[in-house]
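Next come the chains, spelled out residue by residue.
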Amino acid sequence: MALIECPECGADVSSKAATCPRCAYPVSKKVAGRSSGLRSPYGGLEVAKQLLGRVVLGGVLFASGVTWEAPPVLISSLVIFGTCVPIWLRARKAAILGYAGDSAVLEARVKELMADMEYRQMQQLDEVAEQNSRQIAELEERLDFTERLLAKQADQFQRPN
């Protein structure tokens, strides 16, 4: 097994790996030729398009005089912030789902998370049902006590002194 350099992020990757473990870039020719419909949240043409679109929008706003009396540094910061946050959120989502560049792995992870959530929901429903049955039993006990107390009071009022 040889280590090769990932063309996207420069990390050392096994030559037998399908994707880079750091950026999910397809380093294997088998994976690179296949279109899974999913893209890596890091780098690539998609990010470049988003960045270019935001820079152009910032430039148009600045050139048109719509600066809201803000310095150019503030507008540039907003453009950069508007670019980095979606990229970071997409990367975070991919990290949470365990994205490995393969749609089958992603689908399996989503199914696993859904099954876990369904199991937790069933546990919560069972706990609620158990709590409700305890409360009903407690209320029935109080009702019985109240009925006995009322019966005792009625007996005392009906007896002559």
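The coordinates are above.
Residues numbered from 1 in each chain as written. Predicted model: local features only at pLDDT ≥ 70, side-chain atom pairs only at ≥ 80, totals over all residues. Heavy atoms only, no water.

(A) Representation of the pattern of salt bridges in the model. As enumerated under the stated definition, the model contains three salt bridges in all. When the shortest N-O distance is used, the salt bridge between Arg 134 and Glu 130 registers 2.9 Å. Placement of both Arg 134 and Glu 130 in helix H4 (residues 103-158) is noted, with a separation of four residues, approximately one turn of the helix. Between Arg 142 and Glu 138 there is a salt bridge, with the nearest N and O atoms lying 2.9 Å from each other. One end of the pair, Arg 142, and the other, Glu 138, are both in helix H4, four residues apart, so they sit about a helical turn from each other. (Salt bridge = Lys/Arg side-chain N within 4 Å of Asp/Glu carboxyl O. Helix = DSSP H or I, 4+ residues; strand = E, 2+ residues; numbered from the N terminus.)

(B) Structural view of a nonpolar patch on the surface. Together, Leu 52, Val 56 and Val 60 line one region of the surface with nonpolar side chains, adding up to about 280 Å² of accessible area. Turning to its location among the elements, Leu 52 is positioned in helix H2 (residues 44-63). (Patch = residues over 30% accessible without salt bridge, like charges linked within 9 Å, V, L, I, M, F, W, Y side chains within 5 Å. Areas by Shrake-Rupley, 256 points an atom, 1.4 Å probe, with all protein chains shown as cover.)

(C) Fine view of a negative patch on the surface. A cluster of acidic residues, Glu 140, Glu 141, Asp 144 and Glu 147, forms a negative patch on the protein surface. Examined against the element boundaries, Asp 144 turns out to sit in helix H4. We classify Asp 144 as partly exposed; its relative accessible area is 43%. (Lys, Arg positive; Asp, Glu negative; His and termini not counted. Charge placed at Lys NZ, Arg CZ, Asp CG, Glu CD. Buried < 20%, exposed > 50% of the residue type's maximum accessible area, 1.4 Å probe, protein only.)

(D) A look at the nonpolar core. In terms of nonpolar packing, the biggest core is built from six residues, these being Cys 6, Ala 11, Val 13, Cys 20, Cys 23 and Val 27. Apart from residues no more than four positions distant in its own chain, Ala 11 is found in contact with Ile 4, Glu 5, Cys 6, Cys 20 and Arg 22. (Core = buried A, V, L, I, M, F, W, Y, C linked by side-chain atoms within 4.5 Å. Contact = heavy atoms within 4.5 Å.)

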